[in-house]
Amino acid sequence: MTQTRTRLERGRSALGPALALVHTGRAPTRAVLTAELGVTRATAGAVAAELEALGLIRVDSRPLGAAGAQGRPSHRLSIAPHGPVALAAQVHADGFRAALVGLGGQTVATAPGCMTVPADPAHVIDAVVEAGVRLLRETGRRCVGAGLAVPSAVAEPEGTALNPLHVAWPAGAPVRELFSRSLAAAGIRGDDGEPVTGFAGNDVNLAALAEHRHGAGGGAQHLLCVATGHRGVGGALVLDGRLHTGSAGLALEVGHLTVNPEGPPCHCGSRGCLDIEADPLAFLTAAGREPGPEVSLLQQARDLLREEYATAPSVRAATEQLIDRLGLGLAGLVNILNPDRIILGGLHRELLEADPERLRAVVAERSLWGRSGGVPILPCTLDHNSLVGAAELAWQPVLDDPLAALGVG
């Protein structure tokens with residue numbers, strides 16, 4: 001009896017690590033799960049079966065591999081196709097987007113919303129939560145929690161937006177509290193009948209987390225992510241699988257690195273910051289194009305680059321200018337942080353794809369690490385990676401302890 005109880009306890013303590021392995025694609029079969037957990041095959045089988053009973057994963061016992069293959073086929077493990085979801089929300093300079101994201105970073109449904117973001121953050125947060133409620137109603141999915149991505153550093157543990165420079169919110173806006181209050185008012189509840197927990201984080205931090213778990217950052221130990229939002233430039237660092245946010249959530253404010261000392265004044269009080277030298281508005285301005293109100297600045301810049309880079313000299317010149325500014329910023333970060341991989345998102349992804357050799361050459365010429373061997377610079381691969389990252393915040397309690405988070409046992 002004691003041995004049985006010990007085995008059961010060991011299996012239950014392995015539920016979280018096992019779910020995390022399947023969630024990040026590192027345990028596609030029960031055999032791999034057994035090896036990664038360092039448990040017996042029987043324990044791994046019991047763990048997988050319990051996760052399946054919770055509606056989180058699917059265990060497929062059909063043979064894997066070619067007919068006639070040697071050895072006993074291992075059960076395949078995958079995310080349950082109709083399992084629970086996290087409500088993910090993002091607010092940006094041009095409005096918001098809501099999504100439902102399952103385990104494995106799988107986006108189940110999404111709904112964009114365009115609006116002028118008001119000075120009171122509660123209005124746009126209520127709007128994005130309302131969009132999320134509609135998605136939950138339409139899909140009939142269970143909700144385990146909710147995460148919000150915002151264009152600002154988010155102070156911890158307070159959950160306040162410290163520097164929302166590209167939206168009209170006051171500094172210190174209590175975004176996490178407002179988000180949680182809106183979720184409760186909307187009646188979004190978990191399996192235990194209690195209002196779901198709301199989390200909040202910086203949009204680029206969350207993009208980096210998502211890319212590390214499900215995209216271009218997989219396997220990196222020192223991952224640097226730099227990306228444009230709809231306005232401005234942000235950065236994030238993932239060390240050994242965890243976001244490095246600094247002592248109060250302000251780490252990696254890379255948008256305020258000076259890359260052009262004679263450049264225009266920045267919102268932060270300095271001049272020529274990456275934030276205003278290498279974002280979508282900077283690209284449109286350098287190309288001599290007047291932004292229009294029809295679609296977001298980010299979409300306008302992407303469309304211009306894709307459609308006219310090869311034919312319009314002004315667009316090519318603007319591309320080269322932004323690549324050089326971005327390269328200067330990346331070189332400084334490489335010298336300081338020594339990452340083993342850099343990933344670029346937003347408009348920066350398109351700049352890299354337009355002229356990868358130019359960007360890599362600037363970084364190599366201006367950084368010691370670049371001269372001694374270089375660091376891989378890759379495009380982000382996930383659509384809506386900030387939303388996927390916001391969902392990761394909501395999924396984390398489930399990954400830590402599935403039974404407790406789902407109110408079981």
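Residues numbered from 1 in each chain as written. Predicted model: local features only at pLDDT ≥ 70, side-chain atom pairs only at ≥ 80, totals over all residues. Heavy atoms only, no water.

Once that is clear, we can look at the environment of A89. Among the structural elements, A89 can be located in strand β3 (residues 85-92). Overall, A89 belongs to the buried group, its relative accessible area being 0%. Placed 259 residues apart in sequence, A89 and H348 show a C-alpha to C-alpha distance of 22 Å. Those residues in contact with A89, other than ones at most four positions away along the chain, are R97, V128, G147, L148, A149, F179, L387 and A390. (Helix = DSSP H or I, 4+ residues; strand = E, 2+ residues; numbered from the N terminus. Buried < 20%, exposed > 50% of the residue type's maximum accessible area, 1.4 Å probe, protein only. Contact = heavy atoms within 4.5 Å.)

For the protein chain, per-residue confidence averages 91 on the pLDDT scale, and 93% of positions sit at 70 or higher. This stretch, residues 1-5, has a pLDDT under 50; its non-local contacts, to residues over four places away or in other chains, come to zero contacts. (pLDDT = per-residue confidence, 0-100.)

When the domains of the protein chain are assigned, the result is domain 1 (15-64 + 72-79), domain 2 (85-205 + 385-403) and domain 3 (220-379). For domain 1 and domain 2, the distance between their C-alpha centres works out to 30 Å. Each partner contributes residues to the interface: domain 1 has eleven residues there, and domain 2 has twelve residues. Both sides of the domain 1 and domain 2 interface together cover about 950 Å² of buried area, and 73% of this is carbon and sulfur. (Domains from an automatic or database assignment. Buried area = accessible area lost by both parts, 1.4 Å probe.)

A few words on the sheet that holds strand β12 (residues 242-243). Pairing is mixed in the open sheet, where five strands are placed in the order β12-β11-β10-β13-β14. Every other strand in the sheet has two partners, leaving β12 and β14 (377-379) as the edge strands with one partner each. Strand direction decides the pairing type here: strand β10 (residues 222-228) and strand β13 (residues 341-345), joined by five bridges, are parallel. Looking at the pairing, A227 lines up with G345 of β13. Across the sheet, helix α11 (residues 313-337) touches β10, β11 (233-239) and β13, and the angle it forms with β10 is around 155°. The strands touched by helix α12 (residues 347-354) within the sheet are β10, β11, β13 and β14, with β13 carrying the most contacts at an inclination of about 110°. (Pairing = 2+ DSSP bridges. Axes fitted to C-alpha atoms, helices over the stretch in contact; angles between N-to-C directions.)

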